[in-house]
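Inside the fold
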Amino acid sequence: MRRTKSYDDSMVYLQQSSDVSMLQLFLSYLESAPQLLLQVYVTSSRDGWQLVQAVSAALSLLSLAWSNASYAKWMRKSRGDKRPLGWTAATLQLLWRLCLLLARTSALLAFSLLYSGWVLLLLAVRWLLMTGWVLAQRTDLFPTPAEERLFNTVVGAIYCFSFFNVKETPARWRMLAFYALTFAENGVLAMLFFFYWPRPGDWLYLALLVNIPAGTVLGSAVMLLYYRLFHPNAGGCGGGASARPAASLWRHNPTL
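Described in the following lines is the structure provided in the data block. (Residues numbered from 1 in each chain as written. Predicted model: local features only at pLDDT ≥ 70, side-chain atom pairs only at ≥ 80, totals over all residues. Heavy atoms only, no water.)

**A short note on the environment of L37**
- Relative to the helices and strands, L37 is located in helix α1 (residues 5-45).
- According to the relative accessible area criterion, L37 is buried, its value standing at 9%.
- C-alpha of L37 to C-alpha of S60: the two residues are 23 residues apart in sequence and 10.0 Å apart in space.
- For L37, the contacting residues outside a window of four places in its chain are T105, L108, L109 and L123. (Helix = DSSP H or I, 4+ residues; strand = E, 2+ residues; numbered from the N terminus. Buried < 20%, exposed > 50% of the residue type's maximum accessible area, 1.4 Å probe, protein only. Contact = heavy atoms within 4.5 Å.)

Listed below in C-alpha cells is the structure:
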C-alpha cells in the first residue's frame, strides 16, 4: 500500500498523542496519587469529610484510572501492529483500574491513620523493591542507559499504586506477581487496621474495611472479564496492552 503524506502526518499525530497520554499517566501517578493520599489522610484525621471532599477525592481517583485507560487507547491507535481498543474495552479497563485503585488507596489510608508518617517508609521500601523488579526485567526502550534507568525509577513509583506493563512480551505472569504482592500487602494493612483502630464501628472504620475487599474483588472480576472477552487479543492476559510504552517512537525521538 502506497504511503501518503496525509497518512504519515496521521501516524505522527497518533504517536505524539500516545506520548502525551503516557506523560500524563506519569504525571498522574507521580503528582496526583501522592496528593490524593495526603488529601484523604488529612480529611480523615480531622474528621472533615463533607460532600465536597468526597467528590474531590472520587474525581482524583477517577482521573488516575482514566490516565491508564486513555494511554492504552492512544497507544494502540499509534501502533500499526496492534488492534485498536474499543470503547467497551476502555470502559471496562477504566472500571477495574478504578476499583483496584480504590482498594489500594484505602489500604494505604488505613495504615497512615494508624502509623502516620510510617506510611512514607512503607512506600519507599515498596518503590525500591518495584524499581529493582523493573530493572531485573531489562527494559530496552531508550537509547541511553541513563534514560532507561530514569524510566525504570518512574515505573517503580507507579508500581506503588498500579500495574504498568514495560515489556513487549506477554504480561500474564508479571501481572499475576504484581497483584499477588499488592493484594497480600493490602490484606496485611487491612488486618492491622481491623485489630488496632481505636474506634471500631465508626463509619470510617467500616468504610475502609469495605472498600479494600470490595474494590479488590470487583476490580479483579472486571479485569478478568476484560482480558477474557474484551481485550483486543481476547483469550487471556497475553497482550498486556493496558500499559505498554510506544518504544519505537521513543527510540526515534529520544528528545520527547
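**A word on the side chain of S162**
- Summarising the element assignment, S162 is placed in the loop between α5 (145-158) and α6 (172-196).
- Leaving out residues up to four positions away in the same chain, S162 has contacts with Y29, N68, R97, L101 and F178.

**Regarding empty space enclosed by the protein**
- Within this structure, the stated rule accounts for 1 cavity of 30 Å³ or more.
- In this structure, the largest cavity spans a volume of roughly 70 Å³.
- Lining the largest cavity are R97, L100, L101, R104, F161, S162, F163, F178, Y179, T182, F183 and N186.
- Every element with two or more residues in the lining of the largest cavity is listed here: α3 (87-115) and α6.
- If one sorts the elements of the lining of the largest cavity by residue count, α6 sits on top with 5 residues.
- Looking at the lining of the largest cavity residue by residue, the classes come out as 7 nonpolar, 3 polar and 2 charged. (1 Å grid on protein atoms, 1.4 Å probe; cavity = no way out; pocket = protein on both sides within 12 Å on 5 of 7 lines; lining within 4 Å. Points joined across faces, edges and corners; volume = space filled by probe spheres on them. Nonpolar A, V, L, I, M, F, W, Y, C, P; charged D, E, K, R; others polar.)

**Overview of the packing of aromatic side chains**
- Applying the stated criterion to the full structure yields 20 aromatic pairs.
- With 6.5 Å between their ring centres and 45° between their planes, W96 and Y226 make a pair best called tilted. Of this pair, W96 sits in helix α3 while Y226 sits in helix α7 (residues 203-230), and the two are 130 residues apart along the sequence.
- Exposure remark for Y226: the relative accessible area of 0% places this residue in the buried category.
- Here the aromatic rings of F142 and F151 are separated by 5.6 Å at their centres, their planes lie at 50°, and the arrangement is tilted. Residues F142 and F151 agree in their burial class; the two are buried.
- Taken together, the ring pairs in this structure connect W96, W133, Y159, F163, F178, Y179, F183, Y226 and Y227 into an aromatic cluster.
- Over the ring of W87 we find K73; its NZ or CZ atom is 4.4 Å from the centre of that ring. (Phe/Tyr/Trp six-rings, centres within 6.5 Å; stacked < 30°, edge-to-face > 60°. Lys NZ or Arg CZ within 6 Å of the ring centre and 35° of its normal.)

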